[in-house]
Amino acid sequence: MRILVSNDDGVHAEGILALSTALTACGEVIVVAPDRNRSGASHSLTLEVPLRVTRISDAAFHGSKSYAVKGTPTDCVHLAVNELVRPEPDMVVAGINHGANLGDDVIYSGTVAAATEGRHLGFPSLAISLVGKTHFATAAHYAAQLVRGLMVHPLPADQILNVNVPDLPIEQIKGIRVTRLGNRHRAEAVIRTEDPRGQPIYWIGPPGSQQDAGEGTDFAAIEQGYVSITPLTIDMTAYGSLASLGAWLDLQG
């Protein structure tokens, strides 16, 4: 088993080190990750400048081959599968993200995008996030458990797993729940300030508060101390709307 590991917090982040170390018990690990924090990059590809790759000392990842890419998480997985990793990997695991990827966070998440790119390229994939920044060992434990499960029972070809782990010691985790995505209110207001020359500059505001966090959502599972696992489909077609949209178009004609 060859496991490609990537993230969006950067190749030197604590989460990816914890993840890659735990997954060495499951197979050969190859790390290909951004050279710096690329959180919020979503599924963007770098198309107008070349991608530069730096080989990192294997000792930094306890013997695993590792590369830093001056690009996005999607760039990293795409480049790894098509060029850097030979033979190709058997699976893609993205994380451990420093913070939650709950509800609408998945739209913006570079971690989820890295897993999605792996699935687009034909490999079982999962994204794992720690809802906090302390107990990475807990998230790494569940990542390894899920990878072993996927080795035996692969996902359908159009799905990835989005996993969120409470920031708790392993013994305080209550279990695992299969969940749906919740959602948030719209984001907080943009923050306007000025640079030293008096010119306006803007900061994107923090995420909005929870809007749908009811029973069965990923928000609820985390709040109650459970690991949340949400299957995400890669085909975004709204199949339930095909017939009604066709009827609507007929009315326009």
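In the block above lies the structure referred to throughout.
All values reported here derive from a predicted model rather than from experimental measurement.

Peer 1: Requested: an account of the nonpolar core, with residues and values cited.
Peer 2: The biggest cluster of nonpolar side chains holds 35 residues, and the ones touching the most others in it are Leu23 and Ile128. Secondary structure elements with two or more residues in this core: strand S1 (2-6), helix H1 (14-23), strand S2 (28-34), strand S5 (91-98), strand S6 (125-131), helix H5 (136-152), strand S7 (159-166) and strand S13 (226-233). Counting 22 residues, the second-largest nonpolar core is a separate cluster that includes Tyr67, Ala80, Ala94 and Val112.

Peer 1: With reference to specific residues and values, describe the layout of surface pockets.
Peer 2: Reported here for the second largest pocket is a volume of approximately 330 Å³. Considering the residues around the second largest pocket, the lining is formed by 16 residues, among which Val106, Val112, Thr116, Thr233 and Met236 are closest to the centre. Listed by contribution, the elements that provide at least two residues to the lining of the second largest pocket are helix H3 (105-108), helix H4 (110-120) and S13. Here the lining of the second largest pocket is composed, by residue class, of 10 nonpolar, 6 polar and no charged.

Peer 1: Tell me about the packing of helix H2 (residues 73-84) against H4, and please be specific about residues and values.
Peer 2: One can describe the packing of H2 onto H4 by two numbers: an axis separation of 8 Å at closest approach and a directional angle of 25 degrees. As far as their axial angle goes, H4 and H2 are roughly parallel. Here H2 runs over H4; the crossing is right-handed. Contacts between H2 and H4 pair Pro73, Thr74, Val77 and His78 from the former with Gly110, Ala113, Ala114, Glu117 and Gly118 from the latter. Broken down by class, the residue content of the contact of H2 with H4 amounts to 4 nonpolar, 4 polar and 1 charged.

Parameters at a glance
Residues numbered from 1 in each chain as written. Predicted model: local features only at pLDDT ≥ 70, side-chain atom pairs only at ≥ 80, totals over all residues. Heavy atoms only, no water. Core = buried A, V, L, I, M, F, W, Y, C linked by side-chain atoms within 4.5 Å. Buried < 20%, exposed > 50% of the residue type's maximum accessible area, 1.4 Å probe, protein only. Helix = DSSP H or I, 4+ residues; strand = E, 2+ residues; numbered from the N terminus. 1 Å grid on protein atoms, 1.4 Å probe; cavity = no way out; pocket = protein on both sides within 12 Å on 5 of 7 lines; lining within 4 Å. Points joined across faces, edges and corners; volume = space filled by probe spheres on them. Nonpolar A, V, L, I, M, F, W, Y, C, P; charged D, E, K, R; others polar. Axes fitted to C-alpha atoms, helices over the stretch in contact; angles between N-to-C directions. Parallel < 35°, antiparallel > 145°, perpendicular 65-115°, else oblique. Left-handed = near helix turned anticlockwise from the far one by under 90°. Contact = heavy atoms within 4.5 Å.

Function cannot be inferred from these measures alone, as they are strictly geometric.
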